[in-house]
Amino acid sequence: MSPKPSENEMEGDDEREEDSDEEISEAEEEEDEPRLKYQRMGGSVPTLLQSDAASCIAVSERMIALGTHGGSVHILDFLGNQVKEFNPHTSAVNDLSFDIEGEYIGSCSDDGSVVIKSLFTEERMTFEYHRPMKAIALDPDYSRKSSRRFVTGGLAGNLCFNMKKWIGYRDQILHSGEGPIHAVKWRTSLIAWANDAGVKVYDASNDQRVTFIERPRGIPRPELLLPHLVWQDDNLLVIGWGTSVKIASIRTNQNNGIAPFGDSLVVLAYIPGKEDGEKDFSSSVPSRQGNAQRPEVRVVTRTNDELATDALPILGFEHYKAKDYSLAHSPFSGSSYAGGQWAAGDEPLYYIVSPKDVVIAKPRDAEDHIAWLVQHGWHEKALEAVEASQARSELLDEVGSGYLDHLIVERKYAEAASLCPKLLRGSASAWERWVFHFAHLRQLPVLVPCIPTENPRLRDTAYEVALVALATNTSFHKDLLSTVKTWPPVIYSALPIISAIEPQLNTSSMTDELKEALAELYVIDGQYEKAFSLYADLMKPGVFDFIEKHELHDGIREKVAQLMMIDCKRAVPLFIQQRELISPSDVVSQLMAAKNKCDYRYFLQLYLHSLFVSNPHAGMEFHDMQVELYADYDPKMLLSFLRNSQHYTLEKAYEICVKRDLLKEQVFILGRMGNSKQALAVIINKLGDIEEAIEFVSMQNDDELWEELIKQCLNKPEMVGVLLEHTIGNLDPLYIVNRVPNGLEIPRLRDRLVKIITDYRTETFLRHGCNDILKADCVNLLIKYYKEARRAICLSNEEDEARTKTDKNQSSQSYDRSLSIRSMEVKPKIRGGARCCMCFDPFSIHNVSIYVFYCCHSYHETCLMDSINSLGGSKKKPAPTPTQDELSFYKYENDDVVDDEVEYDDAQMRCILCTTAAG
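From a predicted model like this one, the values you see are computed outputs, not experimental measurements. (Residues numbered from 1 in each chain as written. Predicted model: local features only at pLDDT ≥ 70, side-chain atom pairs only at ≥ 80, totals over all residues. Heavy atoms only, no water.)

(A) Spotlight on the overall build of the protein chain. When its secondary structure is counted, the protein chain shows 33 helices and 32 strands. Every one of the 919 residues in the protein chain was classed for burial, and the buried ones make up 44%. Across the protein chain, the fraction of contacts at a sequence separation of at least 24, relative to all contacts at a separation of at least 6, is 52%. Accessible area for the protein chain stands at about 48,600 Å²; split by element, carbon and sulfur atoms hold 49% of it. (Helix = DSSP H or I, 4+ residues; strand = E, 2+ residues; numbered from the N terminus. Buried < 20%, exposed > 50% of the residue type's maximum accessible area, 1.4 Å probe, protein only. Contact = heavy atoms within 4.5 Å. Areas by Shrake-Rupley, 256 points an atom, 1.4 Å probe, with all protein chains shown as cover.)

(B) Looking closely at the sheet that holds strand β18 (residues 208-214). Taken together, the four strands give an open sheet; going across it, the order is β15-β16-β17-β18, and neighbouring strands pair in antiparallel fashion. In this open sheet, the two strands that pair with only one neighbour each are β15 (183-187) and β18. Neighbouring strand axes in the sheet, compared pairwise and without regard to direction, differ in orientation by 15 degrees on average. (Pairing = 2+ DSSP bridges. Axes fitted to C-alpha atoms, helices over the stretch in contact; angles between N-to-C directions.)

(C) Examining the nonpolar core more closely. Formed by 90 residues in total, the largest nonpolar core has its most connected members in Ile451, Leu563 and Phe575. For leucine 563, the contacting residues outside a window of four places in its chain are Phe532, Val543, Phe544, Ile547, Ile556, Cys568, Ala571 and Phe575. In this structure, Leu642, Tyr648, Leu650 and Phe696 belong to the second largest nonpolar core, which totals 27 residues. (Core = buried A, V, L, I, M, F, W, Y, C linked by side-chain atoms within 4.5 Å.)

(D) Focus on the packing of aromatic side chains. Evaluation of the coordinates by the stated rule reveals 19 aromatic pairs. Feature note: the residues Phe612, Tyr630, Phe641 and Tyr648 constitute an aromatic cluster, connected by ring pairs. Above the ring of phenylalanine 86, the side-chain terminus of lysine 117 is found at 5.9 Å from the ring centroid. Sitting over the ring of tryptophan 378, lysine 381 keeps its end group 5.2 Å from the ring centre. (Phe/Tyr/Trp six-rings, centres within 6.5 Å; stacked < 30°, edge-to-face > 60°. Lys NZ or Arg CZ within 6 Å of the ring centre and 35° of its normal.)

(E) Region of the structure containing the pattern of salt bridges. This model, assessed by the stated rule, comprises 18 salt bridges. Its salt-bridge partner being aspartate 110, residue lysine 134 comes within 3.0 Å of it at the nearest N-O pair. Placement of lysine 134 in strand β11 (residues 133-138) and of aspartate 110 in the loop between β8 (104-109) and β9 (113-118) is noted, with a sequence separation of 24 residues between them. One continuous salt-bridge network, built from bridges that share partners, spans Arg601, Glu628, Asp632 and Arg660. (Salt bridge = Lys/Arg side-chain N within 4 Å of Asp/Glu carboxyl O.)

(F) Summary view of the pairing of strand β20 (residues 236-241). β20 sits mainly inside the fold: six of its six residues count as buried. The alternating pattern of β20 places Leu236, Val238 and Gly240 and Leu237, Ile239 and Trp241 on opposite faces, both of which are buried. Relative to β20, strand β19 (residues 228-233) runs antiparallel, the two being bridged by five bridges. Residue pairing across strands places valine 230 opposite valine 238, the latter belonging to β20. Where β19 hands over to β20, the hairpin turn is made up of two residues, counted between the paired strands. The sheet contact formed by β20 and strand β21 (residues 244-248) spans five bridges and is antiparallel. If you follow valine 238 over to β21, its bridge partner there is isoleucine 247. Between β20 and β21, which follow one another and run antiparallel, lie two residues, and glycine 242 among them has a positive phi close to 65 degrees.

(G) Fine view of the side chain of aspartate 52. Within the element layout of this structure, aspartate 52 appears in the loop between α1 (45-51) and β3 (54-59). Despite being buried, aspartate 52 has no salt bridge partner; lysine 356 is the closest side chain of opposite charge, sitting 6.4 Å away. Within the structure, aspartate 52 has its side chain in polar contact with the backbone nitrogen of glycine 70 (distance 3.2 Å). Dropping the residues within four chain positions of it, aspartate 52 is found in contact with Thr68, His69, Gly70, Pro355 and Lys356. (Lys, Arg positive; Asp, Glu negative; His and termini not counted. Polar contact = N/O pair within 3.5 Å; in protein donor to acceptor, adjacent residues only side chain to side chain.)

(H) How the structure looks around the packing of helix α14 (residues 543-550) against helix α16 (residues 568-577). Closest axis-to-axis distance for the α14/α16 pair is 10 Å, and the angle between their directions is 30 degrees. Listed contacts from α16 to Phe544, Asp545, Ile547 and Glu548 of α14 are Arg570, Ala571 and Leu574.

(I) Spatial organisation of the confidence of the model for the protein chain. Taken residue by residue, the protein chain gives an average pLDDT of 79. The fraction at 70 or more is 76%. For the stretch residues 332-344, pLDDT sits under 50, and the model shows 51 contacts to residues farther than four places along the chain or on other chains. Below pLDDT 50 for its whole length, residues 811-829 participates in eight contacts with residues either more than four positions away or in separate chains. (pLDDT = per-residue confidence, 0-100.)

(J) Region of the structure containing helix α10 (residues 477-486). Among the residues of α10, His477, Leu480, Leu481, Thr483 and Val484 are the ones counted as buried. End-on, the buried residues of α10 take up no more than an arc of 165 degrees, which puts them together on one face. Across from the buried face of α10, at angles greater than 90 degrees, the exposed residues are Lys478 and Thr486. Each element contacted by the buried residues of α10 is listed here: α9 (460-471), α11 (494-501) and α12 (512-524). (Arc of directions from axis to C-beta.)

The structure is reproduced here in structure tokens:
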């Protein structure tokens, strides 16, 4: 299917027209992208054509030549600015031709003249043929050769080959007799021309004709639809004639109605009016009704497939005929004069000429392709094309902004947000603009995950607005939490977000995610107490580390239940350690208040048990409760608690133990309550443990209880046997045997009796041995005491000993060793002071006898006598003064023998200090 014609806009076109009849919606047919783009030639051209009309055009690599109906030739640059102007003719210029160097321009006119003008010198050659000349072609090497050859033809029907001889210029008729010459093109040595019969090719290098191509049948006469010849390369000739295009295998390149476009062809097509049909071609006068259609530029392949069709809004197209248009293309390097294809980096240009307009067409580049995609709403493809072509950053920004705008209009906010990192890149201002734009649309939450935190870093306000948007939308509280955790705290202030969240506390919109996010923001803002409160409510396991890190022990007073539910193994030691901040009663009351939220009794058991272990009296008001808690959660520890606590009610404890059938605990409580017989009955009847019963009775130290034990065991043979085994040291086994009823069969009685007798003998033997040991120990201790009493007491001065010890430290090692050994040999076990214990004078300064007691107290004789007299006088009549013989026992002499027969008064023998201390 051939693509539909597209009406291309051109720069500078003030007469944009719309034809609603030609518009086809995209739903009916997808529009193909044009292959070419168009712009109206500016510069001097519009001014020139205001007073004249263009008739033909020629293009070289350096410049453009424009012929007019007034006979003028204008030399223009590629922007349309006039460089030169000359007026070689008096009638319309029909054809123009450059040499390959672009130094000479040849023109022919209806006035019958041919003019060849040098563009850089004053050289000018004029040739008169007296008949209208329609076509001219300069030798491509015109400026290089002295022959100055060219070919021309016109209405006379003669193709004249002109060259310079030694005597002047001479014309050679190459062909005639087949009607007017309509077109001629020269490539290398090949000359192609068209007349009414068809197209012929002549080789100037060997002066012979090459081929003849017949004119297509069924086409209008040549003067109505002129043929156009293009040498696409040196051996390929393209012929455009009416509605037919032929390619001869002698290729080339040049202008007028057909031109090469890569492997395809660019064709300028004229569409006749619908009403006149064939008459449009035959009429030589422009129609005043203006029913002609726009000329079309078509790109076709050599297999006759149309690739693109563009209808051009040429100025005044309504009144023009086919012969009023011409097409020329730029002979750039590697193009029509050198292979027919443009080289890399070259841009082929096509010039569509009408009497009042010149339009430049050129292949669309990457930016044109991108613009076309954007224009048709294919923004994604446009973005891919920008990235693939590595276009300038400004174009990427433009396309990206347009794409985002398109997605926003389509309400594809998430897709637009995902594209922002790629489209906005490192532009902080662009990011901020779109952040606030999304905020205005109330779609900022979808953009938040894409907002950069560095490279670029935005203003604080942008981040704060984004977080507030998440905080105020319940659906995005989870995203708020993850964002607060991932974004660096330094890029925004936490206070605005906190202010937006706090009003939601205790409302239905407060979710756990929002509460945790608020806690994180409190941490960022340094409000650790508030953060701890939220972490505790959220049951965060890391709350204990948070308490230790920020020393938030004051905060635990209100969060007992929460902390216990988070981790009771860490909470209990914390409460125990901080008893001064939170009392046991506070802990218990808070746990009991949370009975609907947790197993508060289990937590009470853990806490009170640890409290009791750390301090048995700290929670004494809860010991009654603790008995029941132990019974329910840790019965094995109950008996230990009952033994170590004095603060529980025995009756209540007993009731609990009875309800839970805790027998050993019942026995202990009954024993503490004084109900020993009932306790013994529980042991025997319920526990059935006679050994336990015997141990219990032994601890009670009650003979009646032994009788009760024996009484309750007499009817139980097995218990009687066990009782016999365990009564050694407590009861006489014969007494028990005598109490056993006749006929009662006791298991293993003989063995047990043998064991009883053996144990009794062993016990008796051990007692005798112990008595012998005790007697020997008493004798030995008395002998030792007697010897110690007879031993001398050394009186020494502590100051002298210290000084002597210092002197010894300064002596040699061997001498020290000998002195130490000697002192060890003579050193007594008891030492006394070298001063009187009454007057504290050294014994050495008085020539008085000295008395020393076994307690190591020593006195002057006179001091001791005075003291004895004073003591005696205060209690009773003065005793007679002891004689010298009576006090001789206390004298410190060398005699070691003491007369055991001598008796002394006890009062006179006492140490004064010891007597005073005792009295």
